[in-house]
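# Inside the fold
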Amino acid sequence: MSFDLQDIPLDSAASAAIAAQGLEYRLLDPGNRAALAAWIQADVRGFHRARPRKSDATHQLQVLTDRRVLGVYDPKAADRETPVATVSGWPAGLTVPGGRSVDAWAVSSVTVSPTHRRRGIARALMAGSVADARAAGAALAMLTATEATIYGRFGYAPAAQAATITIDRPRVRWIGPAAPGRLELVEPAELRNDAAALVRRAVARTPGEIDRWPGLLDRVLGLIDLERDFARATRVVRYDDEDGQPQGFVTYRITRELDEPGILDFDFLVAATDDAERALWRFLVEQDFVTAVRGRLRSIDEPVAWLLEDPRAITVSDVVDHLWVRVLDPVAALSARVYGATGTLTLEIADPDGPADGTFELEVAGNGRGELRRVDDTPSAPMATPTRAAPSTRRSRPSQGIRLGVQELGAIYLGGVRPSVLARAGRLAEVAPGSIALADRMFASERTPHLSIWF
Ligand SMILES: CC(C)(COP(=O)(O)OP(=O)(O)OC[C@H]1O[C@@H](n2cnc3c(N)ncnc32)[C@H](O)[C@@H]1OP(=O)(O)O)[C@@H](O)C(=O)NCCC(=O)NCCS
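The paragraphs below set out a description of the structure included in this document. (Residues numbered from 1 in each chain as written. Predicted model: local features only at pLDDT ≥ 70, side-chain atom pairs only at ≥ 80, totals over all residues. Heavy atoms only, no water.)

Taken together, 20 residues form the shell around the ligand, and within it V110, V112, R118, T146 and R153 come nearest. The contact in question runs from an oxygen atom of the ligand to an N or O atom on the side chain of T146, over 2.7 Å. Expressed as a share of its isolated accessible area of 890 Å², the protein-covered part of the ligand is 77%. Mapped onto the shell around the ligand, the elements with two or more residues apiece are β4 (101-112) and α4 (121-135). In terms of residue class, the shell around the ligand is built from eight nonpolar, six polar and six charged. (Near = heavy atom within 4 Å. Polar contact = N/O pair within 3.5 Å; in protein donor to acceptor, adjacent residues only side chain to side chain. Areas by Shrake-Rupley, 256 points an atom, 1.4 Å probe, with all protein chains shown as cover. Helix = DSSP H or I, 4+ residues; strand = E, 2+ residues; numbered from the N terminus. Nonpolar A, V, L, I, M, F, W, Y, C, P; charged D, E, K, R; others polar.)

So, in C-alpha cells, the structure goes:
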C-alpha cells in the first residue's frame, strides 16, 4: 500500500456522530508539531500514564509522522488544543499462515477522556478507523487491547495469544542440541542495522506478527535516551551462524539487589532460524547468579519446554488474547493464507451492516493455497415458480460449509483456535455433517500464531 495517509477523506458518518455531541473530529497535519504534542499528552493521559519525558515525546512525534492521527476536540473545553479523544492508524503487513503478509490496518491510541466517556465517541472512532482501513485497501483491521470487553462489538476477535514465561533458573539443565554458530554480546547501537533485517525475517516466520515501524527498534534497544536507566541496563546478545551471518538477537536486563542474585527479563527475542532461537534461549536460561528468567509476550507454543530436562522449571502465566483482528475484505484476507488441507468449504459470514457479510466459497488446492470467491452476488436467475420438488434421481453429497459471524472468522483466521472449539461454544455451525471437521483441517496453521509486541 503506497499512498498519502492524509489523502483519505475524513469519514462523514464518524464526523456526523461526533458533531452530534457538539464536538469536532479532526485529522492532524503531520507538520503541526504543537497539535501533535497536545495529542500525545491526551494519548498518554488516556492510558493512565505519566506525562512523557522530552525524549519520549520527541520520539513519539517522529513515529506519528507515518501515521494517520485523528483527534476529537471540544470547542467548549477550557483547553481547546488538547483532544478529548484520540485514535491513530497506519497500513501494516500481518504475517499469515504460509508466510505471506496481508495488507492490514493497525489501529492504536484509542482513548476517550474520562470527562467525555460513554457518549459513543469510541464507537464513532472505531467506525472512522474501519472507513480509513477500507479506503486504504486493507483486508482487515487489527489492534492490541487493554481490555478484552471493548472490541468484540465492533467485529474484532482475538486471533493470536501471548503469555509470560518464567523459568526457574536453578532447575535448568539443557538437553537440546548445541547450536553450530556463536554468540556475541554487542552494544545496542551496533546492532541497529542488522536488527531491522533480522526482525523482518523473524516476522515473516510467524503468523500473527506485524511489520515493525521505524522507531520501534530504537525504543527496544534503548537508543532513544542513552542516559535512561532502561537503556543503561539493556544488554544485547546476537547469534551468528557458522558462516558468521547474524541470525537473531535478544535484548534483556538483569535486575538485582546488592549481594542478591538477579532476575533476567527479556522482551525482544528475535530469531530468523531455529538454531538462533535455541541458541538464544540457551543463553538466557544458563545465566549464572540469576534465580529466574522471564519473558513477556511469548508464544503459547514455545519449544523451550522440550529443551530442558525439567519442563516443570517453566511456568506459563498471563495467557492473554493479544492480537485482535477485524476482517473487512474476506476475499483478500482468506486468499492470502495457506491452508492445512485441501477441500471446498462454503462460508456463510454474518457481519450485519458490515463489509464482510455474505456467502463465500473457499477452495484450497494441493499446494495449500486458498482461493475465496463470493457466491451470493451473482445476478439472480429468474425466480422459478415454487412447485413440488422434483424427485432426485441421484444422491448428491451435500456441499460442506460453515455459518459464522465476522468475529468467529477473525478468531479462526490465523489458526489460533479450531472451528470445532467455536462450534462447541455454540458460536459456529456446520451446514452439513463433516463440515466442521473439514474446517478444522483447512484452517490449521503449521505454526501457532503469535504477536510479540504491543502496538
Ligand atoms: C475504552 C474507551 C476508549 C471507551 O470510550 P467511550 O467513548 O467511553 O466508549 P463508547 O461510549 O463509544 O462505548 C461504546 C460501547 O463500548 C462499551 N465500552 C466502552 N468502554 C468499555 C470498557 N472499558 N469495557 C467494556 N465496555 C466498554 C460501551 O458500554 C458501549 O457499549 P454499547 O454501545 O455496545 O452498549 C475509554 O473508556 C478509554 O479511553 N479507556 C482508557 C484507554 C483504553 O483502555 N483504551 C483502549 C485502548 S486498546
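With that out of the way, let us pick up the packing of helix α1 (residues 12-19) against α4. Packed helix pairs are characterised by how far apart their axes lie and by the angle those axes make with each other. Contact pair α1 / α4: the axes reach a minimum separation of 8 Å and the direction vectors enclose 165 degrees. Relative to α4, α1 is oriented roughly antiparallel. Here the hand of the crossing between α1 and α4 comes out left-handed. On α4, the residues touching A14, A17 and I18 of α1 are A124, L125 and G128. (Axes fitted to C-alpha atoms, helices over the stretch in contact; angles between N-to-C directions. Parallel < 35°, antiparallel > 145°, perpendicular 65-115°, else oblique. Left-handed = near helix turned anticlockwise from the far one by under 90°. Contact = heavy atoms within 4.5 Å.)

Attention shifts here to the layout of surface pockets. A probe as big as a water molecule, rolled over the atoms, marks out the empty space that is left. The volume enclosed by the second largest pocket comes to roughly 520 Å³. Lining of the second largest pocket is provided by 26 residues; of these, R205, T206, E277, E302 and R447 occupy positions nearest its centre. Mapped onto the lining of the second largest pocket, the elements with two or more residues apiece are α5 (188-205), β10 (262-271) and α8 (274-285). When its residues are assigned to classes, the lining of the second largest pocket shows nine nonpolar, five polar and 12 charged. (1 Å grid on protein atoms, 1.4 Å probe; cavity = no way out; pocket = protein on both sides within 12 Å on 5 of 7 lines; lining within 4 Å. Points joined across faces, edges and corners; volume = space filled by probe spheres on them.)

Here we take up the nonpolar core. Within the largest apolar cluster, 96 residues are counted, with the highest numbers of intra-cluster contacts made by L94, M142, F249 and Y413. By size, the runner-up hydrophobic cluster in this structure holds 25 residues, among which are W174, V250, A271 and V285. (Core = buried A, V, L, I, M, F, W, Y, C linked by side-chain atoms within 4.5 Å. Buried < 20%, exposed > 50% of the residue type's maximum accessible area, 1.4 Å probe, protein only.)

Let's shift gears to the sheet that holds strand β16 (residues 401-405). Strands belonging to one sheet form pairs held by backbone hydrogen bonds; the direction of such a pair is parallel or antiparallel. As summarised here, the arrangement of the five strands in space is β15-β14-β13-β16-β17, forming an open sheet in which the pairing is mixed. The open sheet terminates on both sides in strands that have one partner only, identified here as β15 (370-374) and β17 (428-430). Across the sheet, the mean angle from the axis of one strand to that of its neighbour is 25 degrees, orientation sign disregarded. In this structure, strand β14 (residues 358-364) lies alongside β15, joined through five bridges in antiparallel fashion. Note on β15: the bridge partner recorded for F360 is R374. The sheet contacts of helix α10 (residues 406-413) involve β13 (343-350) and β16, and relative to β16 the element is tilted by about 110 degrees. (Pairing = 2+ DSSP bridges.)

What follows concerns the packing of aromatic side chains. The geometry of an aromatic ring pair comes down to the distance between the two centres and the angle between the two planes. A full pass over the atoms with the stated rule returns eight aromatic pairs. For the ring pair W90 and F455, a centre distance of 6.1 Å and an interplane angle of 85 degrees mean the geometry is edge-to-face. Pair noted here: W90 is in strand β3 (residues 85-95) and F455 is in the segment after α12 (435-443), with a separation of 365 residues, a long-range link. The burial state of W90 is the same as that of F455; both residues are buried. On the basis of an interplanar angle of 85 degrees and a centroid distance of 5.4 Å, the ring pair of F266 and W281 is categorised as edge-to-face. With F266 in strand β10 and W281 in helix α8, this residue pair connects regions lying 15 residues apart in the sequence. Like W281, F266 is buried. An aromatic cluster is built from W90, W213 and F455, whose rings are joined through pairwise contacts. (Phe/Tyr/Trp six-rings, centres within 6.5 Å; stacked < 30°, edge-to-face > 60°.)

Just geometry here; none of it tells us what the structure is for.
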